[in-house]
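Here is what each chain is made of, one letter per residue.
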Amino acid sequence: MRRFNWLLALVCAGFLSLAPWPAAHAADPDKVLHYAFVAPETGFDPAVTRDLYSAEVIQSIFETLYTYDYLARPAKLVPQTAVALPEITDGGKTYTIHLKRGIYFSPDPAFGGKPRELTMADYVYSFERLLDPKLASPHSWLFEGKVVGFDEAAARARETGHFDYDAPIPGFELVDRYTLRIHLKHPDYNLGMILAHEPTSAVAREVIEKYRDASGQVMAHPVGTGAYLLSKWVRGSRIVLTANPGYRGFIWNFKAGSDPGDRAIVAAMRGKRMPQIGKVDIRIMVEDQSRWLAFLDRQIDLLELEGPLAPKALVDGHLRPELAAKGIRLSRIIDPEISYYYWNMQDPVVGGLSPAKIALRRAIAMAYDVQEEINVVWNGEAVPLQYPIPPGVVGYDPDYVSSVHYHPRLANALLDRYGYRRGADGYRTLPDGKPLTITYTARTDSNGTQESEMWKKTFDSIGIRMASNLMQFPDILKAEKECHLQMRTSPWIADYPDGDNFMQLFYGPNIHQNNNGCTEIPAYDRRYEASQRLPDGPERDRLYHQMARILEVDAPILIGYARYRNMLAQPDVIGYKKHPILHCEWLYFDMTKPKRDRSSTP
Amino acid sequence: MTAYIVRRLWQMLPTLLGVVLLVFVLFNWVGGDPAYILAGKMSNPQQIANIRAQLGIDQPYYVQLWIFLKQIASFNFGASWSTGETVSHVLATRLGPSLTVLVPLTVMETVIAIGLALAVAYVRGSLTDRMVMIACTVGMSISILVYIIVFQYWLAYKMGLFPVQGWGDHFFDNLFRYSALPILIGLVVSIAPDLRLFRTFFLDEINQDYVRTARSKGLSEPRILWVHVLRNAAIPIVTYVMSNLPSLLIGEFLIERFFSIPGIGREVILAVERSDFPVIKAITVYVAAATMIFNLLADLLYQAIDPRVQLK
Amino acid sequence: MNDAVRHSPGLWALAWRRLRADRVAMVALAIVALYLVSLLLSATGVIARHWDAEVGVSYAPPSFLGAETAAQRDAPRIKVPPAPPAENPRDPLGPLLKRLRAERAAGQGGIDYYGIQDPLAGDITKLRAKLRAEPDAGVAKKRATLPFGADKWGHDIVQKTIKGSETSIVVGLTAAFLATLLGTLFGAISGYYGGWVDDCFNWFYSVFTSVPYLLLILAVAAVLHQKGVLTIVLILGLTGWTGVYRLIRAEYLKHKQREYVLAADAIGASHASRMFRHIFPNVSHVALVQLSILTVAFIKSEVILSFLGFGVPVGVASWGSMLNEAQNELILGKWWQLVAATTAMAVLVTAFSVFTDALRDALDPKLK
């Protein structure tokens, strides 16, 4: 009897979505996308995984409430499993979200053979997992300090050692099966973007409880509602995703933006039932040379072109003619990231807000040629930035001009003026005559070495002795979070495309979290707190402008650059465009059917 | 015989204990702190403390050591910190690809090196001998990194003789298609030192009395070399090959990285990069145990080859 | 083993005579000597002192390739001389920077500070005015080609290779010396005293040899947090002593029973005196051969250490760091650094190995 009801619901749902469930599957199993990961994946639990490559797989299998429009730039939030964008009321403190009906998890023994519909309770369960102390999720910050009663529940769990998923949390009000109302502690206009970040994807509680390991994670058994299923996984070597036959599908109907390439994409893709690609075959290839040769050999359809390889494929940001002649296409974007150089503000040598310390940092900042680093270290594959918020992120101001310029002579003059005198060996001392050495820390890889060489050169040009400290990444993280590093280049990529995600990097209370330079400037902190209470607009922009100027005059950091992301596509790939926030786009583009056996092509 | 094996196994215990202590001191005591990398990019001290508690690295050292010893005794090293995969599964799945390259490589390398070394020993002191020795020396003087980069570029990509990189699902596909170039590089790198070493083993034997006796009995030179000398020189050769095998598992990491072979060597480097201590510790202990067991096997093989050897 | 030969002071003289008769060995020795001379000259700063001067353009090709059209096509972006961002015509922020430049010419007046006070404003304005009055010294022009090309930074490859040879040979020699010293010391104590001392060292030896070499290196590298040439020497030295230990211990076991040692005991020589004054000269040839074998091995290990990120520090060139850089240059068609480092290393390592072989033959004439 119960079974009958389920079936009825299923059929109804099918008719409602105007595409009967089994027939929704448009993907062609012959359309196989061959893809390569630069680093091995770790696993596929949305709450725990934190590396980019696993996230690409997670985004194919699981679904968030919101996602981003494929073509719109800057990235535009659109509903995924939600019916519409959230209704924000109560001055940014209440979000009401409705869920589409008739979305089902892919079949799994955990569901006892029954279809399992996605409900808002699944989302609440998935959010709660992020704050479960047992899981120690690296994504807990997404909800920390935001939702009414949520932090209190996490605190109780830390005491009892057990997160009570059955106890309701006041901030997550389930109005009905398909409606969630979220009550926030403070106004926040960015929660929609948080709900598009893949750690907030819906998992099913039955699946987690059936397959979880001792620490509560399910890394190897992803069951979601998304367009693809994990059909084969050889760890660290190969991942095969096949189209989910139960996926509801959608008709490709994105609008062309200002980008001239968009029209061709729209013309080729409009009206197609998605997804089209039936299988995504991912190999892990760690070495640059191997990946590049495999692409030329047509073993890879879509290649992420990493820095050292860029000159092989690009001249001045354009594809080399011989590659273009083969029909290969380039999709090039500026990543929503900044790399900035920080000086530890708590350090006795470089830190502090006295004029002599400010002069020291500003002199170093003026002596550093960001463009040369881009040319030499990044093979020209980056743009220098003026503003802490990179292009493509809400709050970016293309007209903002930094007051910091490359001017080594002025840097030397400034150091002379503030009493950093040169000794007999040509190196400067501190104004009190004590020796002056600044330690620059970087990773042990080749980029780290080259960055260190750039800085060594810079410091030599202004007569300051530099010590280089190359460390393994985990050691850097530890020292950095404890404010033990003197200076480093720190990259930050957007979690969600809003300026707040960048401005918070220099907020005093975030020291030991992600304020890596341990910056604490009261004038900055005051303005940041005010900006948090405002939605995007001229008022918030004015605060951001002032904050950017504070970063320039007090010089706790020097703003560096944002790197390009270059994707190369073989001629078989149709309608591909790299998205700045979405990790993988294979849900949105198509391929021609193969005519010949690709493994035998030269 | 059985008594001998039991005694030898018993004698391994102190060494193994030493390895365990060394590994423990290096990784639990002086090694980096993995909590920071596990905490993600927006971490706070409370979260770090929580992760350390979940991993058990906030316990006193003697407790951690006790847990480690229990893990070894039960062959259960727990799960990788970064992927959640059990360490036993890591080892079981990565061993196959490594051995697919390693076993044919070792067999071919040994056979070829023995053949060449005997041939060179036969003409010892001649110009050919000298030229071959110098060629070996030159070959050995080039870094394996250069061999890999150049061979992959020219033989695989430019000339299309081999796949550029990759690994399949079928054993024979892997063995004959994907392992071919890695094995070739392995041979180029390892035959030269083997040849030099085996040549000295043979020369050692050629100067022995029994060879002189055999010659005076009128046995042909090839027969002396191929039968008598080879049989006696087999002992050091077997020891050398056997005791090298376990460490080769790790030593193949460069080849595995460049040719995308999901083997043990690559896993070790990855684990070091990720501070994945359970995996590193388990692999170290297992490889150390394997080295000792292979040394024992080599001793047992001695006896099979040469019954005069007394096992004490 | 001929004791008479061993005891006579003529052992070394005899070996030298044998060595000199070997023409190949003498050529090898000459090559090694040449490298050592170049090492001394570069260490004292006579040659390759300014190897880190950026004399050429990035990836300047070797002079014998002549025209650099190909190179120019390859990397025009990189060839833009270091200049403020405003001067890069391909900059996507170009128009913006043009405005900025105009503002700069007019001092700082054009920049809106949004009400934020610059604490150094007064000083900077004064210094700017002063600097405008002084002419700029200007930058030296960079060369388009160099004898054997340039690396990414424009360093001369020939000078860099010479400097790199210095580092690699010094690393190889000192690490080998350290390993031989440790191995000899442990082997001597272990073999001489025997008993529980021997058991202890043997245990230590078997623990060290059971752990895979690579893991041992990574572990020691993780412990020695500091990066530097000394660190590499320590990593290699502390992990490489086992082979020497085994051989020296065997020699001491053999020698301590010999009459001359027993005689020394009878005249009341101390343990240390017997170990190092009496026995050591008779086993030193073993240590010498091991020293040269290890030197070659360590020079090669340095390359792998560099690949793993435990190489020489920033601002120091070595063969390992050069090969590591050259890794990605080959597919870009910039082969000169790879060829230079590989050749320099191959020639030395070959010569050194040939010489080592000859040395061993000369010192231990048993093998022919």
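What counts, and at which threshold
- Residues numbered from 1 in each chain as written.
- Chains lettered and ligands numbered in written order.
- Predicted model: local features only at pLDDT ≥ 70, side-chain atom pairs only at ≥ 80, totals over all residues.
- Heavy atoms only, no water.
- Helix = DSSP H or I, 4+ residues; strand = E, 2+ residues; numbered from the N terminus.
- Buried < 20%, exposed > 50% of the residue type's maximum accessible area, 1.4 Å probe, protein only.
- Areas by Shrake-Rupley, 256 points an atom, 1.4 Å probe, with all protein chains shown as cover.
- Lys, Arg positive; Asp, Glu negative; His and termini not counted.
- Charge placed at Lys NZ, Arg CZ, Asp CG, Glu CD.
- pLDDT = per-residue confidence, 0-100.
- Contact = heavy atoms within 4.5 Å.
- Buried area = accessible area lost by both parts, 1.4 Å probe.
- Salt bridge = Lys/Arg side-chain N within 4 Å of Asp/Glu carboxyl O.
- Nonpolar A, V, L, I, M, F, W, Y, C, P; charged D, E, K, R; others polar.
- Domains from an automatic or database assignment.
- Polar contact = N/O pair within 3.5 Å; in protein donor to acceptor, adjacent residues only side chain to side chain.
- Pairing = 2+ DSSP bridges.
- Axes fitted to C-alpha atoms, helices over the stretch in contact; angles between N-to-C directions.
- Parallel < 35°, antiparallel > 145°, perpendicular 65-115°, else oblique.
- Left-handed = near helix turned anticlockwise from the far one by under 90°.
- Core = buried A, V, L, I, M, F, W, Y, C linked by side-chain atoms within 4.5 Å.

Student: Describe in detail the overall build of chain B, supporting the description with residues and values.
Tutor: When you go through chain B residue by residue, the secondary structure sums to 14 helices and 0 strands. Secondary structure elements of chain B occur, N-terminal to C-terminal, as α-α-α-α-α-α-α-α-α-α-α-α-α-α. If you line up chain B on its principal axes, its C-alpha atoms span 85 × 60 × 35 Å. Looking at chain B as a whole, 53% of its 312 residues are labelled buried. Here chain B displays about 13,600 Å² of accessible surface, and carbon together with sulfur accounts for 68% of that area. For chain B, the separation between the mean place of its 23 positive charges and that of its 19 negative charges on side chains is 5 Å.

Student: Hey, could you go over the confidence of the model for chain B for me, with residue numbers and the actual values?
Tutor: Residues and elements named next belong to chain B. Mean pLDDT over chain B: 84, with 95% of residues reaching 70 or higher. When pLDDT is averaged over each helix and strand of chain B, the minimum, 72, is found for helix α2 (residues 35–38) and the maximum, 90, for helix α5 (residues 87–122). Across the assembled chains, the prediction reports ipTM 0.79 with pTM 0.80.

Student: Give a description of the interface of chain C and chain B that names residues and reports values.
Tutor: Across the contact, 37 residues belong to chain C and 40 residues belong to chain B. Overall, the association of chain C and chain B removes approximately 3,500 Å² of surface from exposure, summing both partners, and the carbon and sulfur fraction of that is 77%. There are 2 salt bridges connecting chain C and chain B. Between R196(B) and D357(C) there is a salt bridge whose closest N-O contact spans 2.7 Å. Listed by contribution, the elements that provide at least two residues to the side of chain C that touches chain B are α8 (195–210), α9 (213–223), α13 (271–307) and α15 (336–363) of chain C. Tallied by class, residues from the side of chain C that touches chain B come to 24 nonpolar, 8 polar and 5 charged.

Student: Could you give an account of the domain arrangement of chain A, naming the residues involved and the relevant values?
Tutor: It is common to give the size of an interface as the accessible area lost on bringing the parts into contact. Residues and elements named next belong to chain A. Domain annotation of chain A identifies domain 1 (24–40 + 236–333 + 570–602), domain 2 (53–224) and domain 3 (337–563). Here the C-alpha centroids of domain 1 and domain 3 sit 36 Å apart. In this complex, domain 1 contributes 8 residues to the contact, which on the side of domain 3 involves 4 residues. Buried surface at the junction of domain 1 and domain 3, summed over both partners, amounts to about 510 Å²; 56% is from carbon and sulfur atoms. Along the contact surface separating domain 1 from domain 3 lie 1 salt bridge. Between the two partners, domain 1 and domain 3, sit 1 residue pair in polar contact (both at pLDDT 80 or more). When residues of the side of domain 1 that touches domain 3 are traced back to their parent elements, those giving at least two are α9 (310–313) and β16 (329–334). Residues belonging to the side of domain 1 that touches domain 3 are distributed by class as follows: 6 nonpolar, 1 polar and 1 charged.

Student: I'd like a description of the pairing of strand β21 (residues 487–493) of chain A, backed by residues and values.
Tutor: Residues and elements named next belong to chain A. The buried fraction of β21 is high, at 5 of 7 residues. Where strand β17 (residues 337–343) meets β21, 7 bridges bridge the pair, whose relative direction is antiparallel. Following the sheet pairing, W343 is matched in β21 by M487.

Student: Describe in detail the packing of helix α9 (residues 180–206) of chain B against helix α11 (residues 221–251) of chain B, supporting the description with residues and values.
Tutor: All names here are of chain B. At a closest axis distance of 9 Å, the pairing of α9 and α11 adopts a crossing angle of 130°. Here α11 runs oblique to α9, going by the angle between their axes. You can see that α9 and α11 cross each other, and the crossing is right-handed. Contact residues: D194, L197, F198, F201, F202, E205 and I206 in α9; L225, V229, L230, N232, A233, P236, I237, Y240 and V241 in α11. By residue class, the composition of the contact of α9 with α11 is 13 nonpolar, 1 polar and 2 charged.

Student: Describe the nonpolar core, listing the residues and the values that go with them.
Tutor: Counting residues in each nonpolar core, the largest one holds 162 residues, and the members touching the most others are W292(A), L568(A), L308(C) and W319(C). Setting aside chain neighbours within four positions, we find L568(A) in contact with W292(A), F295(A), D301(A), L302(A), L303(A), L305(A), A313(A), L319(A), I328(A), R329(A) and L330(A). Core analysis: the next-biggest nonpolar cluster, separate from the first, contains 98 residues, L99(A), F111(A), F127(A) and I169(A) among them.

Student: Before we move on, could you go through the sheet that holds strand β4 (residues 87–89) of chain A and cite the residues and values that matter?
Tutor: Residue and element names in this part refer to chain A. Spatially, the 4 strands line up as an open sheet ordered β4-β5-β7-β6, and their pairing is antiparallel. This sheet does not close on itself; its edge strands, each paired only once, are β4 and β6 (172–176). Within this sheet the neighbouring strands show an average axis-to-axis angle of 20°, counted without direction. Across 4 bridges, β6 lies against strand β7 (residues 179–183) in antiparallel orientation. Bridging across to β7, F172 finds its partner in I182. Helix-sheet contacts for helix α3 (residues 120–130) involve β5 (94–98), β6 and β7, and the interaxial angle to β6 is about 170°.

Student: Requested: an account of the domain arrangement of chain B, with residues and values cited.
Tutor: When its domains are assigned, chain B resolves into domain 1 (2–74) and domain 2 (95–274). Relative to domain 2 of chain B, the C-alpha centre of domain 1 of chain B lies at a distance of 36 Å.

Student: So what about the packing of helix α2 (residues 11–21) of chain C against α15(C)? Which residues, and what values?
Tutor: Residues and elements named next belong to chain C. Here α2 crosses α15 at 130°, and the two axes come no closer than 8 Å. For the element pair α2 / α15, the angle class is oblique. α15 is crossed by α2, and the crossing has right-handed handedness. The segment α2 lies against α15, with W12, A15, R18 and L19 engaging F355, A358, L359, A362 and L363. Looking at the contact of α2 with α15 residue by residue, the classes come out as 8 nonpolar, no polar and 1 charged.

Student: Break down the side chain of S82(B) for me, citing the residues and quoting the values.
Tutor: Examined against the element boundaries, S82(B) turns out to sit in the loop between α4 (61–73) and α5. Note on S82(B): relative accessible area 7%, which makes it buried. Reaching out from S82(B), the side chain makes a polar contact with the side chain of D276(B) at a distance of 3.1 Å. Once residues within four sequence positions are removed from consideration, S82(B) is found in contact with T42(A), M219(A), L38(B), R274(B) and D276(B).

Student: Explain the pattern of salt bridges to me, and be specific about the residues and the numbers.
Tutor: Here the structure, examined in full by the defined rule, presents 56 salt bridges over all chains. Taking the shortest distance from any N to any O, the salt bridge between R257(B) and E287(A) comes out at 2.9 Å. Here E287(A) lies in the loop between β12 (277–284) and α8 (288–296) and R257(B) lies in helix α12 (residues 253–258), a pairing that spans two chains. Each member of the pair, R257(B) together with E287(A), is buried. Note that R332(A) and E381(A) form a salt bridge whose closest N and O atoms lie 2.7 Å from each other. In this pair, R332(A) sits in strand β16 while E381(A) sits in the loop between α12 (370–376) and β18 (382–384), placing the two residues 49 residues apart along the sequence. The class for R332(A) is partly exposed, based on a relative accessible area of 24%. Residue E381(A) is classed as buried on the basis of its relative accessible area, which comes to 6%. Each of the salt bridges in this network shares a partner with another, and the network as a whole consists of K232(A), R238(A), D281(A), R283(A) and D169(B).

Student: Describe unusual backbone geometry, listing the residues and the values that go with them.
Tutor: Where the residue is not glycine, phi is negative for most of them; where a peptide bond is considered, it is trans in most cases. All names here are of chain A. Between R73 and P74 the backbone carries a cis peptide bond, its omega angle lying at -5°. Residue position: P74 is located in the loop between β2 (66–68) and β3 (77–79). In this structure, the amide linkage connecting M274 to the following residue, P275, adopts the cis form with an omega of -5°. Backbone geometry places N379, a non-glycine residue, at a positive phi of 50°. Locating N379 in the fold gives a position in the loop between α12 and β18. Its relative accessible area of 8% is what places N379 among the buried residues.

Student: Any details on the pairing of strand β9 (residues 238–243) of chain A? Residues and values, ideally.
Tutor: Residues and elements named next belong to chain A. Judged by how many residues are buried, β9 sits mostly within the fold: 5 of 6 residues are covered. Where strand β8 (residues 228–234) lies against β9, 6 bridges are found, and the strand directions are antiparallel. Paired with W233 across the two strands is I239, which belongs to β9. As consecutive antiparallel partners, β8 and β9 are separated by 3 residues, and within that stretch G236 has a phi angle of approximately 70°, a positive value. Summarising the sheet, β9 and β12 pair through 5 bridges and their orientation is antiparallel. When the sheet's bridge partners are listed, V240 is paired in β12 with D281.

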